[in-house]
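Structural overview
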Amino acid sequence: MYTAEHVVRQFSKTPLKHCMSRYLLEKILEDGDLLERLVFVLDRSNLPNTMYIAQAGVEGNGFELELGAVETEHITIVNDRLVKEKRKHRKMWIRDPVEAAAVLAGFKGMLHVQFAFAGPIPSWYHERTVTPEHKPERPFVPGFAAFVRDQIDLALLGITLKHEIDEALKARNEELFREKAALYKQVCRSCFWRLS
């Protein structure tokens, strides 16, 4: 079985899209502790701490480091309809390998690494890749968990709308009051909990 050091060393010998990626890979090779915490993946989506390095010839970005990424769902009302959207928040998003080398010098967590190849994936990389297990955050049935999250979002939206209604009343803005009151009624009808 190939070691993480072997995989990083082999990839660093290939032509890389971002010219400073080789510098970062050399810094990683010097840090034995970080090498032990690398997890090679084929797809980094939905993972919290990721690094992406591409070979020359791969479309898109050549380098990217994301630390502390969290994906959340939000419910809003647009044109009198409830709209659910996903948002991704990250503590750190770096596209410069030199800057990333400085950040990774103090990084202590697991780092999911995706190497993008212009051609077929070599055996030395494929053998080291893992498929992360996506464990449910809560022990709920998936549909029930989504229902609870949606209801919480609706309750929070209702609280916000109630505040906006109060502000419209204070300002004696009848048009804003009617608009927010109509949205509040719709949220109240959709929400499982009593908001009034």
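Computed from a predicted model, the values in this text were never measured in an experiment. (Residues numbered from 1 in each chain as written. Predicted model: local features only at pLDDT ≥ 70, side-chain atom pairs only at ≥ 80, totals over all residues. Heavy atoms only, no water.)

**Some details on the packing of aromatic side chains**
Test applied: For this analysis, a ring pair means two rings from Phe, Tyr or Trp (six-membered ring only for Trp) whose centres lie within 6.5 Å, classed as stacked if their planes differ by under 30 degrees, edge-to-face if by over 60, and tilted for the remaining angles. What counts as a helix is a DSSP run of H or I of at least four residues, what counts as a strand is a run of E of at least two, and both are numbered from the N terminus. The cut-offs for exposure are 20% and 50% of the maximum accessible area for each residue type, with area from a 1.4 Å probe on protein chains only; residues under the lower value are buried, those over the upper are exposed, and the others partly exposed.
Counted under the stated rule, the structure contains seven aromatic pairs. Each ring, one from Phe-40 and one from Phe-115, has its centre 5.6 Å from the other, and the planes form 50 degrees; the classification is tilted. Residue Phe-40 is located in strand 1 (residues 38–40), and its partner Phe-115 is located in strand 7 (residues 111–116); the two are separated by 75 residues in the primary sequence. Phe-115 matches Phe-40 in its accessibility class, with the two residues each being buried. For the pair Phe-117 and Trp-124, a centre-to-centre distance of 5.8 Å together with 75 degrees between the ring planes defines the contact as edge-to-face. One aromatic cluster is present, formed by Phe-11, Phe-40, Phe-115, Phe-117, Trp-124 and Tyr-125 through successive ring pairs.

**Re helix 2 (residues 21–30)**
Note: α-helices contain 3.6 residues per turn, so residues at a spacing of three or four share the same orientation. Filter applied, for reference: By arc we mean the arc of the directions from the helix axis to the C-beta atoms, nothing more.
Of all the residues in helix 2, the buried ones are Ser-21, Leu-24, Leu-25, Ile-28 and Leu-29. Down the axis of helix 2, the sector holding all buried residues measures 145 degrees, keeping them to one side.

**Structural notes on the environment of Lys-13**
Within the fold, Lys-13 resides in the loop between helix 1 (4–12) and helix 2. Residue class for Lys-13 comes out exposed when judged on its relative accessible area of 60%. Through-space distance from the C-alpha of Lys-13 to that of Leu-25 is 10.0 Å; in sequence the pair is 12 residues apart.

**As for the packing of helix 1 against helix 2**
Test applied: In this analysis an axis means a line fitted to C-alpha atoms, helices contributing only their contacting stretch, and an angle means the value between N-to-C directions, from 0 to 180 degrees. Relative orientations are named as follows: roughly parallel for angles under 35 degrees, roughly antiparallel for angles over 145 degrees, roughly perpendicular for angles from 65 to 115 degrees, and oblique for any other angle. Should the near helix be turned anticlockwise from the far one by less than a right angle, the crossing is termed left-handed; should it be turned clockwise, right-handed. The contact criterion used throughout is that any non-hydrogen atoms of two residues lie within 4.5 Å. Polar here means any residue other than Ala, Val, Leu, Ile, Met, Phe, Trp, Tyr, Cys and Pro, which are nonpolar, and Asp, Glu, Lys and Arg, which are charged; Gly is therefore polar.
At their nearest, the axes of helix 1 and helix 2 sit 10 Å apart, and the two run at 160 degrees to each other. By the criterion of interaxial angle, the relationship of helix 1 to helix 2 is roughly antiparallel. Note that helix 1 runs across helix 2; the crossing there is left-handed. On the side of helix 1, the interface is formed by Glu-5, Val-8, Arg-9, Phe-11 and Ser-12, while helix 2 contributes Arg-22, Leu-25 and Leu-29. Classifying every residue of the contact of helix 1 with helix 2 by side-chain character gives four nonpolar, one polar and three charged.

**Some words on a nonpolar patch on the surface**
Definition in use: Any residue with relative accessible area above 30% and no salt bridge may belong to a patch, with like charges joined within 9 Å and the nonpolar Val, Leu, Ile, Met, Phe, Trp and Tyr side chains within 5 Å. Per-residue and other accessible areas were derived by the Shrake-Rupley procedure at a 1.4 Å probe size, with only the shown protein chains allowed to occlude residues. Any Lys or Arg side-chain nitrogen found within 4 Å of a carboxyl oxygen on Asp or Glu counts as a salt bridge.
Together, Met-20, Tyr-23 and Val-98 make up an exposed nonpolar region whose accessible area comes to about 220 Å². The residue Met-20 is located in the loop between helix 1 and helix 2 in this model. On the basis of relative accessible area, Met-20 is assigned to the partly exposed category, the value being 32%.

**Here's the deal with the pattern of salt bridges**
Scanning the entire structure with this criterion turns up eight salt bridges. Across the pair Glu-164 and Lys-180 runs a salt bridge, and its minimum N-O distance is 3.0 Å. Of this pair, Glu-164 sits in helix 6 (residues 142–171) while Lys-180 sits in helix 7 (residues 174–190), and the two are 16 residues apart along the sequence. On the accessibility criterion, Glu-164 (27% relative accessible area) is partly exposed. Classification of Lys-180 by relative accessible area gives buried; the value is 15%. Taken together, the salt bridges that share partners define one network made up of Arg-44, Glu-64 and Arg-95.

**Focus: the environment of Leu-65**
For Leu-65, the location among the structural elements is in strand 3 (residues 63–67). Residue class for Leu-65 comes out buried when judged on its relative accessible area of 0%. Sequence separation between Leu-65 and Met-92 is 27 residues, and the spatial gap between their C-alpha atoms is 7.7 Å.

**Describing the side chain of Thr-50**
Structurally, Thr-50 can be placed in strand 2 (residues 50–54). Judged by its relative accessible area of 1%, Thr-50 falls in the buried class. If sequence neighbours within four positions are ignored, Thr-50 has contacts with Arg-44, Glu-64, Leu-65, Glu-66, Leu-111 and His-112.

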